Amino acid sequence: MNYVKNSKIKDLITFEKLSNLKNIVSRKFLYNKEYFMINIDSISKSYGKQVLLNNASLQINPGEKIGLVGRNGHGKTTLLRMVTGQEEPDGGQIQIPSNYRVGYLTQHISFSKDSVLDECMVGLPEHEKDHYWKAEKILAGLGFSDNDMNRPPSDFSGGYQVRLTLAKVLVSDPDLLILDEPTNYLDIVSIRWISSFLRSWSREILLVTHDRGFMDGIVTHIAGIHRCVVRKILGTTSKYYEQIAQDEEIYEKTRVNEEKRIKEMELFITRFRAKARLAGLVQSRVKALAKMEKKDALQRIESLEFSFRDKDFAGKKVMECENITFSYDASESPSFAGASSMENSPSNDKGMAEEVSPLIDNFSITVSPDDRIAIIGKNGKGKTTLLKILCGKLSPNSGKVSYNPGVAMGYFEQTNIASLNMNATIEEEILYSHPDMDRQKARNICGAVMFEGDSALKKISVLSGGEKSRVMLAKLLAQPLNILMLDEPTNHLDMESCDSLVLALDNFKGAVLLVTHNEMFLHSLANRLIIFKNDMVRIFEGSYQEFLDKEGWEGEVSKSKNSNGQKINTSNNNTANNEPANNISTKNFTSSSLLNPENDSKKISKKELRKFRSDIIQERSKAVGHIEKAIAKDEKLIETYEERLKELHLAMQKASEKMNGKEIAAIAIDIAKCQGEIDLLFETLENKIDELDSKKIFFDSKLAELHDFE
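The model shown is predicted, which means the values in this text are computed figures rather than measured ones. All residue numbers refer to positions counted from 1 along the written sequence of the respective chain. For a predicted model such as this one, the threshold for reporting local features is a pLDDT of at least 70, and the threshold for listing and counting side-chain atom pairs is 80 or more; totals across whole chains, interfaces and linings nevertheless cover every residue. Water and hydrogen atoms play no part in the side-chain values, which are based on all heavy atoms of the structure.

## Notes on the overall build of the protein chain
1) Next: A run of H or I in DSSP counts as a helix once it spans at least four residues, and a run of E counts as a strand once it spans at least two, with each numbered from the N terminus. Along the backbone of the protein chain there are 20 helices and 22 strands.
2) Next: Each residue's exposure class comes from its accessible area (1.4 Å probe, protein chains only) as a fraction of the maximum for that residue type: buried when under 20%, exposed when over 50%, partly exposed otherwise. Classification of the 710 residues of the protein chain by burial places 47% in the buried group.
3) Next: Throughout, a residue-residue contact means that at least one pair of heavy atoms, one from each residue, lies within 4.5 Å. Partitioning the intrachain contacts of the protein chain with sequence separation of at least 6 by distance along the chain shows that 71% fall at a separation of at least 24.
4) Next: The protein chains shown are the only cover counted for residues, whose accessible areas, like all others here, come from Shrake-Rupley with a 1.4 Å probe. For the protein chain, the exposed surface amounts to about 35,600 Å²; the carbon and sulfur share of it is 49%.

Encoded structure:
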């Protein structure tokens, strides 16, 4: 969309004013649904016998940031490809307004320019082709230094090439931003930066990610692909999954009740078919049965069911490393263009000296049986290298690693799928992973990682990368262990599987050492941290939240106290990783755009913050108070009607036993009226609960914005 069409006017305004004008125009058209809205109407898509979508619909309305969830293989990426026109639905249609720009982060990487900055500028809209500073801002946020701007894209690791591709999409300033697993290959600092960037994005977003915390921090709505249809709700992933579980429970209860009712009606018809006096009632039940549509039982959807085997351990320490030092020299250093992107530095410095600064210098740690240790930091700093040293895959230049004699270690490396026997079946690979494993146990583990039945007999060679990663996890499930070392185990898992893995690790009785950028895992599991920061590696004794509160990541606005004990905001001015701060400008509590530099100069006093908070709380109380009262009233009425319905059913049973036709007819009318009232109340109640949730989310988000300024 060209927000400024008159070239004379465009020449007279600065970049900052253009950004403001874009925001004004964007708000002007915010509720013009014919102009903005994408309408996915009753689409279907199949591949052979596998049905992904069946009569599925979704609307993307102005300003909505939608998280798309669903199990692996259920059609998330296929839906994105249909929205971008790369695939066509088998049926239905996707309506996109003319002049509506869609930006899509693709996994296909190709570059045509000689420098990172020039390559990023390829993505700029036509009216901003010379706005190199916009490209620089995005690149810096994704971890590129000033020196990196003029380097060829081919010099960079796979992870940084993905970042450059992402930067090209972001600078294109699309109306709809589509991101398919944008956090893959990004380190934790870059993930936090892009999360803040996307929160301040003023237009539509369609996001697919396995990182629940990342998604919940950005989206306004969740759209889930479940049983071949799409359902959208306002709120977070937790609310979506709770709603799905509740709906399926209600469906099953309704189905069981209807089956019971059908049997009762069939019994009534059989018993009283020959009774002339009850011919009318019998005939009405016959007609009712003919109209009733039998509900099918819901098919069980398989999910990963992790459960690690514990091996008893009586010692006080599992392992110990003393004064570990490690560095790559020029001949040993991995090729940055081809090695694991999770462990590479941004670029391959061809002028590297024979000896380089050590990745790990004089590091020591003792691991106890109940430790949950997360290894965190930017990419290329040595996280995976340290994990390999600790598990014995690499030898340190100096220092030593020692293990207790009773240690049984399991190690997961995401790039080590070559260790699998390509000619073996999944069942065989698991069967031979431990001497005490028998075929039935192997089959049970196959089922736990979603290879049920004949799927367990597939050859490893025909599996996808994600399926091979699941086999590697399955081999860990087959072994009795008391220490787990995991390097980014979630990259090929969907959100439900990540939840299952967190639970399994939490229940595991041994020690866990984990390299991850997934902050949900860090918050849920870690009780100690190994931190790669400021070219150092050290231990932080505490949780991830304690680390954020006390230190935080370099370049982020952190909380500290002045001499009077008052909280003040500080920053280290590291532009490569600065997160944009939101700004509250008026009583409407609206956040500023990331690309509006004027907002950086505004400050809000504590008195103003207290006034804002008081206003929000007062408005929240008014908005939700009467709804809560109405909900309570409806719930009480429903209870009253349900008690009445029980009495009527009991009366109907007695009247049927007496074969009193008139009484049966009268009670039947009362039952129908009572059930109708209940149905109507439930429908009203559901609408009121949705309205209440919507208002609570709105006001809670405004309070959260204020919290950022304290």
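Still to come is the rest of the account.
## Observations concerning the nonpolar core
1) Next: Residues I138, L139, F144, L166, L177, L198 and L207 are the most contacted members of the largest nonpolar core, which totals 42 residues.
2) Next: The dominant element in this core, judged by the number of residues it contributes, is helix α7 (residues 158-171), at seven residues.
3) Next: Among residues more than four places away in sequence, those in contact with L207 are I66, G67, L68, L179, P182, F214, M215, I218 and V219.
4) Next: What makes a nonpolar core is a set of buried Ala, Val, Leu, Ile, Met, Phe, Trp, Tyr and Cys residues whose side-chain atoms join them at distances within 4.5 Å. Ranked by size, the runner-up nonpolar core spans 38 residues in total, among them I426, A474, V502 and L525.

## Remarks on the sheet that holds strand β12 (residues 360-367)
Two modes of strand pairing occur in sheets, parallel and antiparallel, and in both the strands are linked by backbone hydrogen bonds.
1) Next: By definition, two strands form a pair when at least two bridges between them are found by DSSP. Ordered by their spatial adjacency, three strands build an open sheet running β12-β11-β14, and the pairing between neighbours is antiparallel. The sheet is open, and its two edges are formed by β12 and β14 (398-403), each paired on a single side. Sheet twist, expressed as the average angle between the axes of neighbouring strands with direction ignored, equals 15°.
2) Next: Geometry is summarised by axes, namely lines fitted to C-alpha atoms with helices restricted to the contacting stretch, and by angles between N-to-C directions that run from 0 to 180 degrees. Docked against the sheet, helix α12 (residues 383-390) engages β11 (319-326), β12 and β14, running at close to 130° with respect to β11.

## Thoughts on the side chain of R163
1) Next: The topology assignment puts R163 in helix α7.
2) Next: Other than its neighbours up to four places away in sequence, R163 contacts L142, G143, F144, Y185, L186, D187, S190 and N379.

## Overview of the sheet that holds strand β4 (residues 91-95)
1) Next: Strand order across the open sheet formed by three strands is β2-β1-β4, with antiparallel pairing between neighbours. Edge positions in the sheet fall to β2 (50-60) and β4, since each of these pairs with one other strand and no more. Averaged over all adjacent pairs, the angle separating strand axes in this sheet is 20°, with direction ignored.
2) Next: Looking at chain direction, strand β1 (residues 38-47) and β2 are connected through seven bridges and run antiparallel. Bridge assignment links Y47 to a residue of β2, and that residue is Q50.

## Re a negative patch on the surface
1) Next: A surface patch of negative charge is lined by D679, E683, E686 and D690.
2) Next: Tracing the backbone shows E683 in helix α20 (residues 661-707). For patches, a residue must show more than 30% relative accessible area and have no salt bridge; joins then use 9 Å for like charges and 5 Å for nonpolar side chains, namely Val, Leu, Ile, Met, Phe, Trp and Tyr. We define a salt bridge as a contact between a side-chain nitrogen of Lys or Arg and a carboxyl oxygen of Asp or Glu at a distance within 4 Å. Note on charges: Lys and Arg go in the positive column, Asp and Glu in the negative column, and His and the chain ends are not counted at all. Charge placement uses NZ in Lys and CZ in Arg. For Asp and Glu, CG and CD serve respectively.

## Some points on the pattern of salt bridges
If charged atoms from side chains of opposite charge come close, those side chains can pair.
1) Next: By the definition in use, this model includes 32 salt bridges.
2) Next: Among the ionic pairs, K45 bridges to D90, the shortest N-O distance being 3.9 Å. Residue K45 is located in strand β1, and its partner D90 is located in the loop between α4 (76-83) and β4; the two are separated by 45 residues in the primary sequence.
3) Next: The exposure class of K45 is buried, given its relative accessible area of 9%.
4) Next: Here D155 makes a salt bridge to R151, at a shortest N to O gap of 3.2 Å.
5) Next: If you follow the salt bridges from partner to partner, you end up with K45, R81, E87 and D90 in one network.

## Some points on the pairing of strand β13 (residues 372-377)
1) Next: Counting buried residues in β13 gives six out of six residues, a clear majority hidden from the surface.
2) Next: As paired strands, β13 and strand β18 (residues 511-515) are joined by four bridges and run parallel to one another. Counted as the bridge partner of R372 is V512 from β18.
3) Next: Relative to strand β19 (residues 528-533), β13 runs parallel, the two sharing five bridges.

## A few points about the packing of helix α6 (residues 132-141) against helix α8 (residues 188-199)
The description of two packed helices rests on the angle between their axes and on the distance between the axes.
1) Next: In contact at an axis separation of 9 Å, α6 and α8 are set at 135° when each is read in the N-to-C sense. Here α6 lies oblique to α8, going by the angle between them. Packed against α6, whose contacting residues are K137, I138 and G141, the element α8 presents S190, W193 and F197 at the interface.
2) Next: Gly is placed with the polar residues, together with every amino acid not listed as nonpolar (Ala, Val, Leu, Ile, Met, Phe, Trp, Tyr, Cys and Pro) or charged (Asp, Glu, Lys and Arg). Per-class residue counts for the contact of α6 with α8 are three nonpolar, two polar and one charged. Just so you know how the angles are binned, under 35 degrees is roughly parallel, over 145 roughly antiparallel, 65 to 115 roughly perpendicular, and the rest oblique.

## A look at the packing of helix α10 (residues 237-272) against helix α11 (residues 279-291)
1) Next: The geometry of α10 relative to α11 is characterised by a closest axis approach of 9 Å and an angle of 145° between their N-to-C directions. For the pair α10 and α11, the sense of crossing is left-handed. Judged by residue contacts, I262, M265, E266, F268, I269 and F272 of α10 engage L281, V282, R285, V286, A288 and L289 from α11.
2) Next: Counted by class, the contact of α10 with α11 contains 10 nonpolar, no polar and two charged residues. Note on convention: near helix rotated counterclockwise from far helix by under a right angle means a left-handed crossing. Clockwise means right-handed.

## Some words on helix α14 (residues 439-448)
1) Next: Residues of α14 that are buried: A442, I445, C446, G447 and A448.
2) Next: Residues of α14 that are buried make contact with α13 (426-431) and α15 (465-477).
3) Next: The N-cap residue of α14 is D438: its side-chain oxygen and the backbone nitrogen of Q440 are 3.2 Å apart.
4) Next: Note on α14: the residue one or two positions beyond its end, M450, has a positive phi of about 70°. Polar contacts, as used here, are pairs of N or O atoms within 3.5 Å; protein pairs need one atom able to donate a hydrogen and one able to accept it. Residues neighboring in sequence count only if both atoms are side-chain atoms.

## Some points on the packing of aromatic side chains
1) Next: Classification of ring pairs rests on two measures: the distance between centres of Phe, Tyr or Trp rings, Trp counted by its six-membered ring, which must be within 6.5 Å, and the angle between planes, read as stacked under 30 degrees, edge-to-face over 60 and tilted in between. As enumerated under the stated definition, the model contains nine aromatic pairs in all.
2) Next: Connected via pairs of aromatic rings, a cluster forms that spans F540, Y544, F547 and W553.
3) Next: Only Lys NZ and Arg CZ are tested; either one counts as a charge over a ring when it is within 6 Å of the ring centre and within 35 degrees of the ring normal. The cationic tip of R470 hangs over the ring face of F451; the distance from NZ or CZ to the ring centre is 4.5 Å.

## Considering the pairing of strand β6 (residues 176-180)
If a strand is regular, its side chains alternate between the two faces of the sheet.
1) Next: Counting buried residues along β6, five of its five residues qualify, which places the element largely inside the surrounding structure.
2) Next: Here β6 shows a buried face lined by L176, I178 and D180 and a second buried face lined by L177 and L179.
3) Next: A clockwise path from the first strand over the helix to the second, with the strands pointing away from the viewer, defines a right-handed crossover. With respect to chirality, the unit in which β6 leads through α8 into the neighbouring parallel strand β7 (residues 204-208) is right-handed.

## Observations regarding α4
1) Next: Judged by how many residues are buried, α4 sits mostly within the fold: six of eight residues are covered.
2) Next: Within the sequence span of α4, burial applies to K76, T78, L79, L80, M82 and V83.
3) Next: Positive backbone phi, approximately 85°, marks G85, located one or two places after α4.

## Observations concerning unusual backbone geometry
1) Next: Its identity is not glycine, yet N99 carries a phi of approximately 65°, on the positive side.
2) Next: Mapped onto the secondary structure, N99 falls in the loop between β4 and β5 (102-105).
3) Next: Taking relative accessible area as the criterion, N99 reaches 59% and is therefore assigned exposed.
4) Next: Phi is positive for N534, which is not a glycine, with a value near 55°.
5) Next: For N534, a relative accessible area of 52% gives the class exposed.

## With respect to the environment of E686
1) Next: Following the sequence through the fold, E686 ends up in helix α20.
2) Next: Distance in space between the C-alpha atoms of E686 and I631 is 9.1 Å, their sequence separation being 55 residues.

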